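A structural walkthrough
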Amino acid sequence: MLTNHVRYNRSEMEAVIPNATYVTILRHPVKHFESSFAYFGWAKKVKNRKGDLLAAFLETPQKYVDDKVYFWWQSHNGQLFDLGMDTENTNDCDEVNEKIEILKKELDFVLIAEYFDESLLLLRKHLCWTLDDILYIPKNIRPKNLRRTITKATVEKILKWNKADYKLYKHFNETLWQKIHDYGPSFKADLQEFRREKIRVMEECVKPIKINKRDPRELSYELKANASTKCKNLWRGDVTFTALLRDKQLESRILYPPTDDIDVTTLHDSKGVINIRKQ
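Now for a look at the structure at hand. (Residues numbered from 1 in each chain as written. Predicted model: local features only at pLDDT ≥ 70, side-chain atom pairs only at ≥ 80, totals over all residues. Heavy atoms only, no water.)

**Focus: the packing of aromatic side chains**
- A complete count under the given rule lists 19 aromatic pairs for this structure.
- For the pair tryptophan 42 and phenylalanine 57, a centre-to-centre distance of 5.7 Å together with 15° between the ring planes defines the contact as stacked. On the criterion of sequence distance, the pair formed by tryptophan 42 in the loop between α2 (29-39) and α3 (53-57) and phenylalanine 57 in helix α3 is long-range, its members being 15 residues apart. Both residues of the pair, tryptophan 42 and phenylalanine 57, count as buried. (Phe/Tyr/Trp six-rings, centres within 6.5 Å; stacked < 30°, edge-to-face > 60°. Helix = DSSP H or I, 4+ residues; strand = E, 2+ residues; numbered from the N terminus. Buried < 20%, exposed > 50% of the residue type's maximum accessible area, 1.4 Å probe, protein only.)

Here's what the structure looks like:
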(Lines give C-alpha, C1' and ligand atoms only; values in the text may rest on other atoms or scores of the structure.)
Protein backbone atom coordinates (compact mmCIF):
# COMPACT_ATOMS: atom_id res chain seq x y z
CA MET A 1 0.00 0.00 0.00
CA LEU A 2 1.18 3.53 -0.87
CA THR A 3 -0.74 6.20 1.06
CA ASN A 4 0.45 9.79 0.94
CA HIS A 5 0.16 13.23 -0.62
CA VAL A 6 1.04 12.69 -4.27
CA ARG A 7 -0.10 14.07 -7.61
CA TYR A 8 -1.89 11.51 -9.75
CA ASN A 9 0.17 10.20 -12.66
CA ARG A 10 -1.17 6.85 -13.78
CA SER A 11 1.77 5.68 -15.90
CA GLU A 12 4.36 6.53 -13.23
CA MET A 13 2.30 4.91 -10.49
CA GLU A 14 1.71 1.77 -12.52
CA ALA A 15 5.48 1.46 -12.90
CA VAL A 16 5.84 1.41 -9.11
CA ILE A 17 2.77 -0.68 -8.19
CA PRO A 18 1.28 -2.54 -11.17
CA ASN A 19 -2.42 -3.43 -11.08
CA ALA A 20 -3.06 -1.28 -8.00
CA THR A 21 -6.43 -0.20 -6.66
CA TYR A 22 -6.73 3.60 -6.88
CA VAL A 23 -8.64 5.59 -4.27
CA THR A 24 -8.79 9.34 -3.69
CA ILE A 25 -10.85 11.87 -1.75
CA LEU A 26 -12.62 15.06 -2.86
CA ARG A 27 -13.89 18.01 -0.83
CA HIS A 28 -16.57 20.55 -1.68
CA PRO A 29 -14.77 23.32 -3.62
CA VAL A 30 -16.01 26.10 -1.31
CA LYS A 31 -14.64 24.36 1.78
CA HIS A 32 -11.47 23.37 -0.05
CA PHE A 33 -10.81 26.94 -1.22
CA GLU A 34 -11.57 28.54 2.15
CA SER A 35 -9.34 26.01 3.91
CA SER A 36 -6.50 26.55 1.43
CA PHE A 37 -6.84 30.33 1.77
CA ALA A 38 -6.34 30.05 5.52
CA TYR A 39 -3.74 27.28 5.61
CA PHE A 40 -1.45 28.67 2.90
CA GLY A 41 -1.68 32.25 4.18
CA TRP A 42 -3.00 33.83 0.99
CA ALA A 43 -4.55 36.69 2.99
CA LYS A 44 -1.03 38.08 3.47
CA LYS A 45 -0.82 38.65 -0.30
CA VAL A 46 -3.93 40.85 -0.43
CA LYS A 47 -2.32 44.30 -0.35
CA ASN A 48 -3.77 47.46 1.20
CA ARG A 49 -7.11 45.89 2.03
CA LYS A 50 -9.13 45.45 5.20
CA GLY A 51 -12.29 43.57 5.99
CA ASP A 52 -13.13 40.41 4.05
CA LEU A 53 -9.75 39.48 2.57
CA LEU A 54 -11.04 36.28 0.99
CA ALA A 55 -13.64 38.28 -0.94
CA ALA A 56 -10.93 40.77 -1.93
CA PHE A 57 -8.73 37.91 -3.18
CA LEU A 58 -11.58 36.73 -5.39
CA GLU A 59 -11.96 40.13 -7.05
CA THR A 60 -8.80 39.39 -9.09
CA PRO A 61 -7.97 35.70 -8.45
CA GLN A 62 -5.95 35.25 -11.64
CA LYS A 63 -3.46 37.81 -10.33
CA TYR A 64 -2.47 35.48 -7.49
CA VAL A 65 -2.06 32.54 -9.86
CA ASP A 66 0.17 34.68 -12.08
CA ASP A 67 2.12 35.92 -9.04
CA LYS A 68 2.67 32.30 -7.96
CA VAL A 69 1.50 32.72 -4.37
CA TYR A 70 2.42 29.91 -1.99
CA PHE A 71 0.82 26.70 -3.32
CA TRP A 72 -0.78 28.78 -6.08
CA TRP A 73 -1.99 25.68 -7.96
CA GLN A 74 -4.45 25.04 -5.15
CA SER A 75 -6.08 28.44 -5.68
CA HIS A 76 -7.76 27.49 -8.97
CA ASN A 77 -9.32 24.04 -9.50
CA GLY A 78 -6.70 22.58 -7.20
CA GLN A 79 -8.33 19.18 -6.88
CA LEU A 80 -8.21 18.56 -10.61
CA PHE A 81 -4.56 19.64 -10.48
CA ASP A 82 -3.94 16.99 -7.82
CA LEU A 83 -5.57 14.47 -10.14
CA GLY A 84 -3.12 15.27 -12.93
CA MET A 85 -4.65 18.15 -14.88
CA ASP A 86 -2.56 21.28 -15.44
CA THR A 87 -4.13 24.46 -14.06
CA GLU A 88 -4.36 26.28 -17.40
CA ASN A 89 -6.31 23.38 -18.92
CA THR A 90 -9.01 23.47 -16.25
CA ASN A 91 -10.58 26.47 -18.01
CA ASP A 92 -11.35 24.37 -21.09
CA CYS A 93 -14.78 22.73 -20.66
CA ASP A 94 -14.10 20.01 -23.22
CA GLU A 95 -10.80 19.05 -21.62
CA VAL A 96 -12.41 19.03 -18.17
CA ASN A 97 -15.20 16.74 -19.37
CA GLU A 98 -12.66 14.44 -20.99
CA LYS A 99 -10.57 14.34 -17.81
CA ILE A 100 -13.59 13.47 -15.67
CA GLU A 101 -14.46 10.63 -18.06
CA ILE A 102 -10.92 9.30 -17.76
CA LEU A 103 -11.03 9.51 -13.96
CA LYS A 104 -14.38 7.70 -13.90
CA LYS A 105 -12.68 4.76 -15.62
CA GLU A 106 -9.32 4.87 -13.82
CA LEU A 107 -10.26 5.53 -10.20
CA ASP A 108 -11.66 2.56 -8.33
CA PHE A 109 -13.22 4.57 -5.51
CA VAL A 110 -13.64 8.25 -4.61
CA LEU A 111 -14.37 9.29 -1.03
CA ILE A 112 -16.20 12.54 -0.26
CA ALA A 113 -14.79 14.50 2.68
CA GLU A 114 -18.18 15.82 3.81
CA TYR A 115 -19.39 12.22 4.09
CA PHE A 116 -16.16 10.66 5.27
CA ASP A 117 -17.64 7.95 7.48
CA GLU A 118 -20.15 6.97 4.80
CA SER A 119 -17.32 6.83 2.26
CA LEU A 120 -15.17 4.62 4.48
CA LEU A 121 -18.04 2.21 5.05
CA LEU A 122 -18.46 1.84 1.29
CA LEU A 123 -14.70 1.47 0.85
CA ARG A 124 -14.68 -1.31 3.42
CA LYS A 125 -17.24 -3.21 1.38
CA HIS A 126 -15.41 -2.50 -1.89
CA LEU A 127 -12.11 -3.86 -0.55
CA CYS A 128 -13.57 -6.61 1.65
CA TRP A 129 -12.02 -5.02 4.74
CA THR A 130 -13.00 -5.33 8.39
CA LEU A 131 -14.32 -2.56 10.63
CA ASP A 132 -10.87 -2.24 12.24
CA ASP A 133 -9.38 -1.44 8.83
CA ILE A 134 -11.35 1.82 8.55
CA LEU A 135 -11.11 3.15 12.11
CA TYR A 136 -9.33 6.49 12.46
CA ILE A 137 -8.46 9.33 14.83
CA PRO A 138 -9.13 12.80 13.29
CA LYS A 139 -6.06 14.87 12.45
CA ASN A 140 -5.17 18.39 11.27
CA ILE A 141 -8.36 19.94 12.64
CA ARG A 142 -8.55 23.70 12.19
CA PRO A 143 -9.54 25.77 15.26
CA LYS A 144 -12.87 27.60 15.02
CA ASN A 145 -11.17 30.99 15.37
CA LEU A 146 -9.34 30.35 12.08
CA ARG A 147 -12.52 29.58 10.14
CA ARG A 148 -14.25 32.25 8.08
CA THR A 149 -17.94 32.98 7.61
CA ILE A 150 -18.47 33.16 3.86
CA THR A 151 -21.18 35.29 2.28
CA LYS A 152 -23.48 33.95 -0.43
CA ALA A 153 -21.83 36.26 -2.96
CA THR A 154 -18.37 34.89 -2.06
CA VAL A 155 -19.63 31.31 -2.32
CA GLU A 156 -20.83 32.03 -5.84
CA LYS A 157 -17.45 33.54 -6.77
CA ILE A 158 -15.58 30.54 -5.40
CA LEU A 159 -17.76 28.15 -7.38
CA LYS A 160 -17.38 30.21 -10.56
CA TRP A 161 -13.58 30.41 -10.15
CA ASN A 162 -13.41 26.69 -9.39
CA LYS A 163 -16.06 25.61 -11.87
CA ALA A 164 -14.11 22.58 -13.05
CA ASP A 165 -13.54 21.31 -9.52
CA TYR A 166 -17.24 21.77 -8.80
CA LYS A 167 -18.18 19.68 -11.81
CA LEU A 168 -15.75 16.98 -10.67
CA TYR A 169 -17.13 17.07 -7.12
CA LYS A 170 -20.77 16.93 -8.17
CA HIS A 171 -20.19 13.88 -10.33
CA PHE A 172 -18.44 11.82 -7.66
CA ASN A 173 -20.76 13.02 -4.90
CA GLU A 174 -23.70 11.73 -6.94
CA THR A 175 -21.79 8.49 -7.49
CA LEU A 176 -21.26 8.12 -3.74
CA TRP A 177 -24.96 8.45 -2.96
CA GLN A 178 -25.80 5.94 -5.65
CA LYS A 179 -23.41 3.51 -3.96
CA ILE A 180 -25.08 4.18 -0.61
CA HIS A 181 -28.44 3.37 -2.19
CA ASP A 182 -27.01 0.19 -3.71
CA TYR A 183 -25.44 -0.86 -0.37
CA GLY A 184 -28.83 -1.99 0.89
CA PRO A 185 -31.02 -1.53 3.97
CA SER A 186 -28.25 -2.34 6.48
CA PHE A 187 -26.28 0.83 5.64
CA LYS A 188 -27.73 2.96 8.45
CA ALA A 189 -27.16 0.27 11.11
CA ASP A 190 -23.62 -0.42 9.85
CA LEU A 191 -22.82 3.30 9.93
CA GLN A 192 -24.08 3.59 13.51
CA GLU A 193 -21.97 0.58 14.52
CA PHE A 194 -18.90 2.14 12.90
CA ARG A 195 -19.42 5.44 14.72
CA ARG A 196 -19.92 3.69 18.06
CA GLU A 197 -16.62 1.87 17.54
CA LYS A 198 -14.93 5.17 16.65
CA ILE A 199 -16.10 6.67 19.95
CA ARG A 200 -14.80 3.63 21.84
CA VAL A 201 -11.38 3.95 20.17
CA MET A 202 -11.18 7.67 20.94
CA GLU A 203 -11.93 6.98 24.60
CA GLU A 204 -9.34 4.21 24.68
CA CYS A 205 -6.54 5.98 22.82
CA VAL A 206 -6.41 9.75 23.23
CA LYS A 207 -6.73 12.68 25.61
CA PRO A 208 -9.00 15.69 24.85
CA ILE A 209 -8.10 17.71 21.76
CA LYS A 210 -5.84 20.76 22.07
CA ILE A 211 -3.77 23.19 19.98
CA ASN A 212 -0.81 21.60 18.20
CA LYS A 213 2.26 23.26 19.77
CA ARG A 214 4.29 22.80 16.57
CA ASP A 215 1.56 24.27 14.32
CA PRO A 216 -1.06 26.57 15.93
CA ARG A 217 -3.15 26.31 12.75
CA GLU A 218 -4.18 22.82 13.86
CA LEU A 219 -5.80 21.02 16.77
CA SER A 220 -4.45 17.61 17.62
CA TYR A 221 -4.99 14.73 20.00
CA GLU A 222 -2.37 13.46 22.44
CA LEU A 223 -1.99 9.75 23.05
CA LYS A 224 -2.85 8.42 26.47
CA ALA A 225 -0.08 6.95 28.59
CA ASN A 226 0.74 3.33 27.77
CA ALA A 227 -1.22 3.52 24.52
CA SER A 228 -1.43 0.26 22.59
CA THR A 229 0.25 -0.32 19.24
CA LYS A 230 -3.17 -0.10 17.62
CA CYS A 231 -3.75 3.32 19.21
CA LYS A 232 -0.33 4.55 18.12
CA ASN A 233 -0.95 3.51 14.52
CA LEU A 234 -4.37 5.17 14.45
CA TRP A 235 -2.90 8.33 15.96
CA ARG A 236 0.02 8.65 13.54
CA GLY A 237 -0.42 11.03 10.62
CA ASP A 238 1.12 10.96 7.16
CA VAL A 239 4.26 12.81 8.27
CA THR A 240 4.98 10.51 11.20
CA PHE A 241 4.20 7.39 9.18
CA THR A 242 6.44 8.55 6.33
CA ALA A 243 9.32 9.25 8.72
CA LEU A 244 8.86 5.87 10.38
CA LEU A 245 8.82 4.01 7.08
CA ARG A 246 11.81 5.96 5.79
CA ASP A 247 13.78 5.02 8.89
CA LYS A 248 12.90 1.37 8.38
CA GLN A 249 13.98 1.56 4.74
CA LEU A 250 17.34 3.04 5.72
CA GLU A 251 17.82 0.42 8.37
CA SER A 252 17.03 -2.53 6.15
CA ARG A 253 18.29 -1.01 2.85
CA ILE A 254 15.48 -2.47 0.82
CA LEU A 255 12.80 -0.68 -1.15
CA TYR A 256 9.76 -2.14 0.63
CA PRO A 257 10.68 -2.86 4.25
CA PRO A 258 8.76 -5.26 6.53
CA THR A 259 6.01 -3.36 8.31
CA ASP A 260 6.17 -5.36 11.57
CA ASP A 261 3.79 -3.64 14.01
CA ILE A 262 2.71 -0.94 11.54
CA ASP A 263 -0.87 -1.20 10.36
CA VAL A 264 -0.43 0.20 6.86
CA THR A 265 -4.16 -0.04 6.14
CA THR A 266 -4.78 3.01 8.34
CA LEU A 267 -6.36 5.78 6.22
CA HIS A 268 -5.60 9.46 6.38
CA ASP A 269 -7.68 12.30 5.04
CA SER A 270 -5.54 14.03 2.47
CA LYS A 271 -5.93 16.05 -0.67
CA GLY A 272 -3.75 13.73 -2.73
CA VAL A 273 -4.47 10.33 -4.21
CA ILE A 274 -4.49 7.28 -1.95
CA ASN A 275 -2.99 4.35 -3.83
CA ILE A 276 -3.74 1.00 -2.29
CA ARG A 277 -1.95 -2.31 -2.71
CA LYS A 278 -3.19 -5.31 -0.73
CA GLN A 279 -1.43 -8.65 -0.94
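**Focus on the nonpolar core**
- Within the largest apolar cluster, 50 residues are counted, with the highest numbers of intra-cluster contacts made by Leu26, Leu103, Leu120, Leu168 and Phe194.
- Sorting the residues of this core by element identifies β2 (21-26), α6 (93-106), β3 (109-112), α7 (116-127), α9 (163-183), α10 (187-205) and α11 (229-235) as the ones contributing at least two each.
- For this core, the element with the most residues is α9, which contributes seven residues.
- With 19 residues, the next largest nonpolar core counts Val30, Phe33, Val46 and Phe57 among its residues. (Core = buried A, V, L, I, M, F, W, Y, C linked by side-chain atoms within 4.5 Å.)

**Quick notes on unusual backbone geometry**
- Its identity is not glycine, yet asparagine 19 carries a phi of approximately 55°, on the positive side.
- For asparagine 19, the position within the fold is in the loop between α1 (10-16) and β2.
- By relative accessible area, asparagine 19 is classed as exposed at 74%.

**Section: the side chain of serine 75**
- Topologically, serine 75 is positioned in the loop between α4 (61-66) and α5 (78-82).
- A residue is classified by how much of its surface remains accessible, and serine 75, at 0% relative accessible area, is buried.
- A polar side-chain atom of serine 75 sits 2.6 Å from the main-chain carbonyl oxygen of tryptophan 72.
- Contacts of serine 75, omitting those with residues within four sequence positions, involve Phe33, Trp42, Phe57, Val65, Trp161 and Asn162. (Polar contact = N/O pair within 3.5 Å; in protein donor to acceptor, adjacent residues only side chain to side chain. Contact = heavy atoms within 4.5 Å.)

**Things to note about the environment of valine 155**
- Examined against the element boundaries, valine 155 turns out to sit in helix α8 (residues 152-161).
- Residue classification places valine 155 among the partly exposed residues on the basis of a relative accessible area of 25%.
- In contact with valine 155, other than residues within four places in its own chain, are Val30 and Ile150.

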